[in-house]
Amino acid sequence: SQKIEQNSEALNIQEGKTATLTCNYTNYSPAYLQWYRQDPGRGPVFLLLIRENEKEKRKERLKVTFDTTLKQSLFHITASQPADSATYLCALASISGGYNKLIFGAGTRLAVHP
Amino acid sequence: DTGVSQDPRHKITKRGQNVTFRCDPISEHNRLYWYRQTLGQGPEFLTYFQNEAQLEKSRLLSDRFSAERPKGSFSTLEIQRTEQGDSAMYLCASSLDDFGNNQPQHFGDGTRLSIL
């Protein structure tokens, strides 16, 4: 069956370090992968989108990689700050969903400590 | 840019009652999505509209659930004869139609439904 896995345990890091979050998937052939941030009681906020033919995407302190052979995406936040503390969700879009339907992982909670 | 707005933010009702939620998408977005999210899980797709046409419905959307987008602008999601298991956050999102390309979805802050 199709499955998206993100680290279920919270990731605790010190301010200034690089946070690395993992998204693994099975039985999918996603054409696109998106990362969202979600704060408690709020809706997800879009961060980055990467296509299957792209290896890496960057935006300011954020970097996403997409390895379709390993079926994995890594999401990095460099020079992390306490304000980066949130839950981070990965989401896949595949041709079977007409590229419209996003399938989300359960998210990884990141806590950045001063 | 006013963003996606949802109303109400919170709804508490007794089991068996009907509830209706409203979503106002970003004005130039012709795609609108509904998701459901329970504690500790990611959003689960329920349905989506392209303008006023409802193009896909998840198997999660039982016959007690109905969604409409009558004029291709705002949308409503109605749940009839609510059950305990319907307690969740209901999220609405909108996006542009980029002719088959994937676009970011812009989410509202959801309606939290609690069934007593």
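Up top is the structure these notes are about.
Analysis parameters
- One numbering rule holds for all chains: residues counted from 1, following each sequence as written.
- Throughout, the order in which chains and ligands are written sets their labels, letters from A for the former and numbers from 1 for the latter.
- Per-residue local features are limited, in this predicted model, to residues with pLDDT of at least 70; the limit for side-chain atom pairs, both in listing and counting, is 80 or more; totals at the level of whole chains, interfaces and linings are taken over all residues.
- Note that water and hydrogens are dropped before the side-chain values are worked out from all heavy atoms of the structure.
- Runs of E in the DSSP output that reach at least two residues are strands. Runs of H or I that reach at least four are helices, and both are numbered from the N terminus.
- We compute the radius of gyration over the C-alpha atoms and compare it with the globule rule, which gives 2.2 Å times the number of residues raised to the power 0.38.
- Only protein chains enter the accessibility calculation, which uses a 1.4 Å probe; a residue is then buried when its area is under 20% of its type maximum, exposed when over 50%, and partly exposed in between.
- Contact definition: two residues touch when any of their heavy atoms are within 4.5 Å.
- Per-residue and other accessible areas were derived by the Shrake-Rupley procedure at a 1.4 Å probe size, with only the shown protein chains allowed to occlude residues.
- Pairing between strands is defined by DSSP: at least two bridges between them are needed.
- Fitted lines through C-alpha atoms serve as axes, helices being fitted only where they are in contact, and the angles separating the N-to-C directions of these axes extend from 0 to 180 degrees.
- Criterion for a disulfide: a pair of cysteine sulfur atoms within 2.5 Å.
- Take the buried Ala, Val, Leu, Ile, Met, Phe, Trp, Tyr and Cys residues and link them wherever side-chain atoms come within 4.5 Å; each set so joined is a nonpolar core.
- As used in this structure description, the phrase polar contact means that two N or O atoms lie within 3.5 Å; if the pair is within protein, one of them must be able to donate a hydrogen and the other to accept it, and residues adjacent in sequence are counted only when both atoms belong to side chains.

> Would you mind showing me how to read the overall build of chain B here?
Within chain B, the regular secondary structure consists of zero helices and 11 strands. Order of helices (α) and strands (β) in chain B, N terminus to C terminus: β-β-β-β-β-β-β-β-β-β-β. Taken over C-alpha atoms, the radius of gyration comes to 14 Å for chain B, in line with the 13 Å a tight globule of 116 residues would show. When the 116 residues of chain B are sorted by exposure, 48% land in the buried category. Considering only intrachain contacts with a sequence separation of at least 6, the fraction spanning at least 24 residues in chain B is 53%. For chain B, the accessible area works out to roughly 5,900 Å², and carbon and sulfur atoms hold 45% of it.

> I would appreciate a short explanation of the pairing of strand E5 (residues 45–51) of chain A in the present structure.
Strand residues, when the strand is regular, have side chains that alternate between the two faces of the sheet. Residues and elements named next belong to chain A. Pairing analysis gives six bridges linking strand E4 (residues 30–38) to E5, with the strands arranged antiparallel. Directly across from Leu 33, in E5, lies its bridge partner Ile 50. The hairpin turn running from E4 into E5, its antiparallel successor, is six residues long, and Gly 41 in that turn takes a positive phi close to 75°.

> Explain the sheet that holds strand E6 (residues 56–59) of chain A here, please?
Whenever strands of a sheet pair, they do so through backbone hydrogen bonds, lying parallel or antiparallel. Residue and element names in this part refer to chain A. Within the open sheet, the five strands sit side by side as E1-E3-E8-E7-E6. Their pairing is antiparallel. Either end of the sheet is taken by a strand with one partner, and the two such strands are strand E1 (3–6) and E6. When strand polarity is set aside, the average angle formed by the axes of neighbouring strands in this sheet is 15°. Pairing of strand E7 (residues 62–67) with strand E8 (residues 72–77), which is carried by six bridges, proceeds in the antiparallel orientation. Paired with Thr 65 across the bridge in E8 is Leu 74.

> Is there a simple way to explain the environment of Leu 70 of chain A in this structure?
Residues and elements named next belong to chain A. Tracing the sequence through the fold places Leu 70 in the loop between E7 and E8. The exposure class of Leu 70 is exposed, given its relative accessible area of 58%. Residues Leu 70 and Thr 26 lie 44 residues apart in sequence; the distance between their C-alpha atoms is 9.7 Å.

> Please explain the state of the cysteines as it appears in this structure.
A covalent bond between the sulfur atoms of two cysteines is referred to as a disulfide. For the coordinates displayed, the defined rule picks out two disulfides over all chains. Sulfur-sulfur distance for the disulfide between Cys 23 of chain A and Cys 90 of chain A comes to 2.0 Å. Judged by the sign of its S-S torsion, about 60°, the bond between Cys 23 of chain A and Cys 90 of chain A is right-handed. In this pair, Cys 23 of chain A is assigned in strand E3 (residues 19–26) and Cys 90 of chain A in strand E9 (residues 86–94), connecting sequence segments 67 residues apart. Judged by relative accessible area, which is 0%, Cys 23 of chain A ranks as buried. Two residues share a disulfide in this structure: Cys 23 of chain B and Cys 92 of chain B, whose sulfurs sit 1.9 Å from each other. Taking the sign of the S-S torsion, about -65° here, the bridge from Cys 23 of chain B to Cys 92 of chain B comes out left-handed. Of this pair, Cys 23 of chain B sits in strand E3 (residues 19–24) while Cys 92 of chain B sits in strand E9 (residues 88–95), and the two are 69 residues apart along the sequence. Of the two residues, Cys 23 of chain B and Cys 92 of chain B, neither departs from the other in class, the shared state being buried.

> Whenever I open this one, the nonpolar core confuses me. Can you help?
One broad trend across soluble globular proteins is that nonpolar side chains are buried collectively. Counting 23 residues, the largest nonpolar core has Ile 4, Leu 33, Trp 35, Phe 75, Ile 77, Tyr 88 and Leu 110 of chain A as the members making the most contacts within it. Among the elements of the structure, E3, E4, E5, E7, E8, E9 and strand E11 (108–113) of chain A are those that each provide at least two residues to this core. Every residue in contact with Ile 77 of chain A, bar those within four places of it in the chain, is listed here: Lys 17, Thr 18, Ala 19, Arg 61, Leu 62, Asp 84, Tyr 88 and Leu 110 of chain A. Within the second largest apolar cluster, 19 residues are counted, among which are Leu 46, Phe 49, Leu 77 and Ile 115 of chain B.

> How should the side chain of Gln 37 of chain B be read in this particular structure?
Summarising the element assignment, Gln 37 of chain B is placed in strand E4 (residues 31–37). A polar contact of 2.9 Å, which involves the side chain of Gln 37 of chain B, links it to the side chain of Gln 38 of chain A.

Note that all results are geometric; they support no functional claim without further evidence.
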